[in-house]
Each structure stands twice: as structure tokens, then as C-alpha cells.
Amino acid sequence: MSSLEELSHRHEDEAKLTESEAVPRGAPILELRGLQKKYGLVEALKPATITFLAGEIHAIVGENGAGKSTLIKLLTGVIRRTAGEVLWCGKPVQLATPNEAISRGINAVHQEVVLCPHLSVAANMFLGDEMNRYGLMRKGAMERAAQAVLDDLGFQLPAAALLGSLTIGQQQLVATARAAMRGIRFLIFDEPTAYLTRQESAQLFRLIRRLRDQGVTIVYISHRMEEVFELADRVSVLRDGTHVGTRLISETNENELIALMINRSIEQIYHKEKVPVGKVIVETRGLSGPGFSDVSLSVRAGEIVGLYGLIGAGRSEFALGLYGRQPVSAGEIFWDGAKVEIRNERQAMELGIALAPESRRDQGLCLNLPIGLNINLPIFRRLSSGLTIRRGDEAANADRQIRDLRIKTPSRRVLASAMSGGNQQKIVIGKWLSHGARLFIFDEPTVGVDVGTKAEIYRLFGELLKQGAGIILISSYLPEVYELADRLHVFRGGRLVASHDHRAATHEDVLTQAIGI
Amino acid sequence: MSVDTTTESAPAPKKGTNILLGLTLLGLLLFLWLLLGLSTNAFWTPNNISNLLRQGAMTAILAVGQTFVIITAGIDLSVGAIVGFTSVIVAWLLQAGVPLWLSIILTLLIGVAIGAFHGFGIVRMGLPPFIITLATLTSLRGIGLLITNGSTISISHEGFTNFSRADFLGVPSLFWMVILVAIPAFVFLHLSRWGRYLFAVGSNKEAARLSGVNVDRTIYLAYILSATCAAFVGLLLASRIGIGNATQAEGWELQAIASSVIGGTSLFGAVGSVHGPLLGAFILATINNGANLLNLNSFWQRIITGLLIIVIVYFDQLRRRGSR
């Protein structure tokens, strides 16, 4: 018996699985019936009926904001359902708390590692379930056991090392090993390969297949089609919070899945305005700073410049450097052909640069303040006469942006936190439309935004271009930059590694350049 | 596809809850007054009311300054110590023969300097507000004791000491000082762009910074205002008790924070008003005053204040959650 199986058996004995909970391979283990989740008025997951079979790899695909993460949170007991029924091994269950989910053998490996970086790999793997003798921890025994599991899985990771000293990808593997040794019966992977190298991905896939062969049910969430077709037995598609279908992998193909996922043709979503390209607005020469080095590119009036790369490739860092948020260590910036120094955000704004940052929550919005205040934040100086704000103008500008952008709110006084992701993104955009700018930097503008709003945002890009603005579009979603960008720059490891004209390279080429193989 | 503009008249959460809380607090204050008026004869006497207004005035001014800081998601623990310290400064200056007007200006400038030092510690040195203001709390008392050599400096300037006992239009001058502070404070917080910036910084520093708000300057401003309010209270206290003593106003920072919190300010930042802390301060003053009149053991005042904080903030939280 391998050490992994030994350890997971240790757990099964403790859990004392009752006879009735044993489910033969291929029979339903978890059934969702009309499962629904509402946040206030927003329906994050419309009533969904999905059956998971014991010992299958069940992929779930869907765009950002389609309801995948809501589904995971429901299954792992992080949030409670609004309506519907969940059957575990044929019996109704609550799944009201994370502990309940774990005690039933439902576990998840998240995209972002939620372990303790200051503890050792072994300590993390045994966290909350330490081996004890006479009330003292058996550190050595745990390290040996953890090492045995890691070797058994072929991960080649040191059990005694601090977790924080490993790469994100390696930490992900530790998280997986941790889940694998807990006597699990149902394991959810949430975009596990986002940070993994090819080699690490291959190791992970071997582990997933091995678990499946042991009878564990795997839910695999990803938007990488090739992985879905490589691994999964069946696939369910979510779109805008709706479960639109489940297919056997052997009976479907990539085109059908994409059609289900977006329900409209690529041309309809990525509507691209034909705008005459004008003069160069901004040019960087050898710009370097924290997280990026030697970036030279230019943006002309009426064009979209796409920056593509994996997370941490230096695109956002470049944007923050250009915007004056972070100091630039070398290189030059030319604005309308004249050399400029941008030392802080205020200077960037005064030149005419607007930045819709990567994270709405952390950088874009004051969530517990009203929509109106958020929209007006960059322009209060302009809205003031003497000491006080002209309240009429303040209200008028907020209402105008809410109307023009079709932000769905009863009033400008509603808090930004009450809005959905798409509407929040519109608030961020409205903020910069009121300010007015000639260069708009959009960093991941459509993450967590539904397809309809996405199309609206793209149309808005067209409006901005027609008014003579230039756009830098940063995205890690390739189709978006691929279809929209007049010029596409690929970032890897903080450097600009390749540039293409509109649709001049294939998806595969761009991906390969971004990953760097 | 146009947004229905008639929905514009829908309830406005932020403003609505602000007014609601204000009315609740006002109701509570009036209820306490009514209750005390019925249970003791001494409450509704001109003397007692004047006394009550004087007691509440100083906490109220401190609470307004404190609120600016708390809205930025900070805290100012030093205000009590600043009151004691500046009472020493003004007494010392007057003793040295500095003219009254100059003594007042210099004392207020000391407040500005202390606030600027807090801003420096937070913005430039990266210290948490709790730590830097805790440090000034203890050191200011120490410096004050050094100056007075551990004793008190009495103030012989009669015009200065008579001020706190004077009335104007039948209302104690100390209460007029609350109005003198409250009106510009209201204009600043609710009608000017700097007020908006305080809220934005308290809600999300990074978002405010990326929107072109000068976050550092806003933080300096909040702490300078708080410390200056405290220095102003130091003047009023010196006038009232006629001495400068660095150990005075012990624990007033907690009174100010309590008033602010009772007045609806969120310690997580970005929620607060000017009228809330004022009402909070006078509610606390009424409890003190009432406990004295009813001959309650003064220890009870502390217990009641603590319970009141829990009850009011708890109900405020419930209401906020409900409105989501």
C-alpha cells in the first residue's frame, strides 16, 4: 500500500463512514436539485440541477462571472444556498458550514493557496490534524510521513522546507497533497494550473487521474479548453449564473462548448470600431521599474494597444509605473512627443492619463461609500467653488454618468458595495469619463463581469476611440486582447517579449510566447 | 434601455441612515432629560443646565476632532494628554507675561505641531496611528510634568479665567465654543472636497490615491485638526479650572472616542458625521450629571457608559446590516 493510501485510510477510520454512504463507481454521489444562490436581488446562481458521479472527473467551464466560484462556495459550505436541495449519497444534506463539507469528504483546492507560509510543508499538510503523542506534536514523524506522501506522488518537494519559500505552483501541489491525504471522496480544483509550469501541471494531472481511479470524484474548474478535453469524463457549462448543459466529453467538441459558454458569436461580443488612427499620444522608451524592465511601446490616438501575459508578467506593474503610482527606475516617457516625468498619480491625471486598475475591490472603488462620491472622486477640485462643493453640479455629474453608462441603481446615494461586478466596473469607468482623459489604461476590465456588460464595455472602448483617445488594454484573457487590440504586446517575466499586429499571430503563438517554452 | 429617472426619489441609504441615527440620538438625549427632570428636582434648574452644557462642551469639541481621524480609519489616543499639556503651556506663557492673544495663538500652534508630528509618524515613518498617538500620550504628560516640575501653574489673568464662567444670551460661553467649532467642522466635513477626501481615504486608500487624492496630505490634515481641537479644549480647561496641570484630562481621549462611536462613527473608517459626536458627547455628559444628581456611586457612571456604548453600536450595526 502506498503511503498516501495509508494516510488517507487513517482518516477514513476516524471518519467512520457508515455502510450506507458507500457509493459504487458510476452512481450519483452528489446531486444538486434546483440549487440557487441570491445576493440581495442579484441571482449569482440560477436554479441548477447537476449530478456528480462517483469516480468521475467532471469539468465545469464558464466565463468569469458565470457562477463557477459561487457553485464551489456552495459545495464547500462557505456560503449557504438560497433555495434548492443537495443530495449526498442519496440523502438530503445541509452543507451549511465548511466543517460539514469536510467531514463528508468534500474538499477544495483553491487557485490562491490558503495555507500558512510561515509553517513548514509538513506542518501545513497536517494543519488541524496533527499527529500527537502524550499531547505533544510528533514533528519528526509528521515530516517523514509528509515526505513519503510527496515522494509517492512524485512531487519532489522537501517536507521540512517553509511553505513560503516555494513557488506558487509548488505551494499549489502541497495544497493538493494535503487535500489528497485527508480521506477525501469529492475534490474540487479551482483553476489549479493558473500558476503552474507545464511540468507541474503534468504532475498534477497524474495525481488527479490517480485519485479518480481510487474512486474519488473530481470537479475540475477551468477555462482552458485543452485541459478539459485532456482530463475530464463529463463537462457542465455555466453561463451568466445558469447551468446550460452537461455533456460527455466523448460526445462534444470545443466549438459546441464555446457556443454554450457565450451563446453568441465572437464577432457580436468583440465589436471593434474602425477608427482612423492618429498621432502618437504616449511613448515609452526602455521604461523600467519594480516588476518590469526595458519596456518600449507607443499608443496612438484611436487605437487599442493590448498587453497580454500571465499574472505577474509585469503588465500591471508597467501600468502603475506609467501612471506614477510606482517609481520608474530607468527609461523615458514621451507625451505628445515631449519628454515628461510622471512622479505621482496627480501628474499623470493632469497630463490626461486615466487608470482603471486591476482590482476593483482593492484599488478601484471606495466600496462603503456612495456611487456618486466614487464617480466624482477625481474631479472634486473642479466641482468646488472656493471652500465648498457645488452640490448641484456634483449630483448632476453623478447622475449623468449613471444614465450614460446604464449603471443599474435606484440612486447615486447607494453604496458601491451593493452593485454587481459589472456595475462596479462601470462606476470605475464613469469616474474616468467624468475626469476626461486622452489615454485610458484598462487593467483586466472584464474580470467578474457578465457577457452583456462585457459587450457594453467593449462598445464604450469604441466611443472613447472615436473621441480621439488611446487605450491600453491589459488582459490575461487572450480572446479579448486578441480580438480587440490593434497592436498586441506579449509580456513575460517583466519584459515585453513579442509584438503583433491585429490578428497577425495565432492564439498558440501568443500563448507560447507568454508562457515561454 | 434608459434608466428610469423616477427611481431617483428612492430612499437614499447613506443620508437616510445618517439622519435616522441623528434623530434617534436626539430622542435618547431628550428622553434622558425628561427622565431626570421627573426623578429629580435639581435637574431643570438654570444652574444645573449651564453646568451640564459646560461639562459636555469640552468632550464635544474633542469628539469632533477625533471623528475626523476615525473617518480616515485612524485613531487619536493623544487628545487627553494634549489637553493637559496645552493647559500647562498657556499657563506657563501667561505666567511669563506673554500677552493673552499671543498665548492663545501659540498654544493652538502647539496643537498644530503635535498633529503634524502624528501625520509625520504615520505617513513618513509608517507607524500605526494607535502606536504614534499612544507614544505622544505618555510623552506629552511627561514633558508637561517636566515643565511644571510636577506641580501646577496657577493662572492669575482674570479675563482668561472669567471667560469660562461667563454667559452670553443666557448660554454658557463654553457651549458657544462648541458652536464655534461645529459650524466650520460641518462645512469642512459635509460640504467641502476635503471632507469627501477624508471619507475616501478611510474607505480605500489605494482607490483614493489612484483617483488623484493626495492621501498623505489628507492624513496630515485629519491629525492636525484633531490635535488643534484638543489644544483648543486645553485653553478652555485652563480657563475653567484656573491652573495649568499636565495630569488633567486623564482618560478624556476615551470619552471622545466613546462620544464619536455613540454618534455613529465607524472605527473601520468612512462612516461619520459632525452632529453625531456632538450628541454623543452630551448624552455622556447627561449620564454623568444625572448620576451625580441621583447620588449614584460615581463608579456606576462608568458602567452605564460602557453598557451604552455596547447597546448603541450594536443596534447601529444591526440597522446597517438590515439596510443591505
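The structure displayed is predicted, hence computed values, not measured ones.

A.B. asks: Looking at this structure, I do not really get the UniProt feature "transmembrane region" (unreviewed entry) in chain B. What am I missing?
C.D. replies: All names here are of chain B. Look at the UniProt record and you will see "transmembrane region" (unreviewed entry) annotated at residues 20-40, 101-123, 129-147, 168-189, 219-239, 260-287 and 299-315. This span, residues 20-40, is 95% helix and 0% strand, and a straight line between its end C-alpha atoms measures 30 Å. For residues 299-315, the end-to-end C-alpha separation is 25 Å, with 100% helix and 0% strand making up the annotated structure.

A.B. asks: What's the story with the sheet that holds strand β22 (residues 470-475) of chain A in this structure? I'm lost.
C.D. replies: Residue and element names in this part refer to chain A. Pairing within the open sheet is mixed, and its six strands lie in the order β18-β21-β22-β15-β23-β24. Of all the strands in the sheet, the pair left with one neighbour each is β18 (353-356) and β24 (495-501). Averaged over all pairs of adjacent strands, the angle between their axes in this sheet comes to 20°, without regard to strand direction. As defined by bridge partners, strand β21 (residues 439-443) adjoins β22 across five bridges and the pair is classed as parallel.

A.B. asks: Help me understand the nonpolar core in this model?
C.D. replies: Grouped burial of nonpolar side chains is what soluble globular proteins tend to show. Ile441, Ile471 and Leu473 of chain A together with Ile61, Leu62, Ile82 and Val233 of chain B are the most contacted members of the largest nonpolar core, which totals 162 residues. With sequence-adjacent residues up to four places away left out, isoleucine 471 of chain A is seen in contact with Ile304, Val305, Phe440, Phe442, Phe461, Leu464 and Leu465 of chain A.

A.B. asks: How should I be thinking about the packing of helix α2 (residues 46-71) of chain B against helix α12 (residues 275-293) of chain B in this particular structure?
C.D. replies: What describes two packed helices is the angle between their axes and the distance between those same axes. All names here are of chain B. In contact at an axis separation of 8 Å, α2 and α12 are set at 145° when each is read in the N-to-C sense. Seen from above, α2 lies across α12 with right-handed handedness. For the pair α2 and α12, contact is made by Asn51, Leu52, Gln55, Gly56, Thr59, Ala60, Ala63, Val64 and Thr67 and by Pro277, Leu278, Gly280, Ala281, Phe282, Leu284, Ala285, Thr286, Asn288 and Asn289, respectively. Class assignment for the residues of the contact of α2 with α12 results in 10 nonpolar, nine polar and no charged.

A.B. asks: Would you explain the interface of chain A and chain B in this entry?
C.D. replies: Where interface size is quoted, it is often the accessible area lost as the parts come together. The interface is formed by 34 residues belonging to chain A together with 29 residues belonging to chain B. Counting residues per element, the ones that place at least two in the side of chain A that touches chain B are α12 (345-351), α13 (360-364), α15 (380-383), β20 (388-389) and α16 (391-404) of chain A. Class assignment for the residues of the side of chain A that touches chain B results in 18 nonpolar, seven polar and nine charged.

A.B. asks: Is there a simple way to explain the domain arrangement of chain A in this structure?
C.D. replies: In terms of domains, chain A is made up of domain 1 (3-263) and domain 2 (266-344 + 473-517). A C-alpha centroid distance of 36 Å is found between domain 1 of chain A and domain 2 of chain A.

A.B. asks: Please clarify how the packing of helix α3 (residues 79-95) of chain B against helix α4 (residues 100-123) of chain B should be interpreted in this entry.
C.D. replies: Residues and elements named next belong to chain B. Two elements in contact, α3 and α4, have axes whose closest approach is 9 Å; the angle formed by their N-to-C orientations is 145°. The interaxial crossing formed by α3 with α4 has right-handed handedness. For the pair formed by α3 and α4, the contact residues are Ile82, Thr86, Ile89, Val90, Leu93 and Leu94 on the first element and Ser103, Leu106, Thr107, Ile110, Gly111 and Ile114 on the second. Split into classes, the residues belonging to the contact of α3 with α4 amount to eight nonpolar, four polar and no charged.

A.B. asks: How should I be thinking about the pairing of strand β16 (residues 330-335) of chain A in this particular structure?
C.D. replies: Regular strands place their side chains on alternate faces of the sheet. Residues and elements named next belong to chain A. Two strands pair when backbone bridges link them, and strand β13 (residues 280-289) and β16 are joined in this way by five bridges, in the antiparallel orientation. By the bridge assignment for β16, valine 282 is matched with tryptophan 335. Bridge count for β16 against strand β17 (residues 338-340) is three bridges, and the pairing is antiparallel. Bridge pairing links phenylalanine 334 to lysine 339 in β17. Between β16 and the antiparallel strand that follows it, β17, lie two residues; aspartate 336 among them carries a positive phi value of about 50°.

Each value, and the rule that gives it
- Residues numbered from 1 in each chain as written.
- Chains lettered and ligands numbered in written order.
- Predicted model: local features only at pLDDT ≥ 70, side-chain atom pairs only at ≥ 80, totals over all residues.
- UniProt positions renumbered as here; feature names shortened; annotations may be inferred.
- Helix = DSSP H or I, 4+ residues; strand = E, 2+ residues; numbered from the N terminus.
- Pairing = 2+ DSSP bridges.
- Axes fitted to C-alpha atoms, helices over the stretch in contact; angles between N-to-C directions.
- Core = buried A, V, L, I, M, F, W, Y, C linked by C-beta atoms within 7 Å.
- Buried ≥ 20, exposed ≤ 12 C-beta atoms within 10 Å, placed from the backbone.
- Contact = placed C-beta atoms within 7 Å.
- Left-handed = near helix turned anticlockwise from the far one by under 90°.
- Nonpolar A, V, L, I, M, F, W, Y, C, P; charged D, E, K, R; others polar.
- Domains from an automatic or database assignment.

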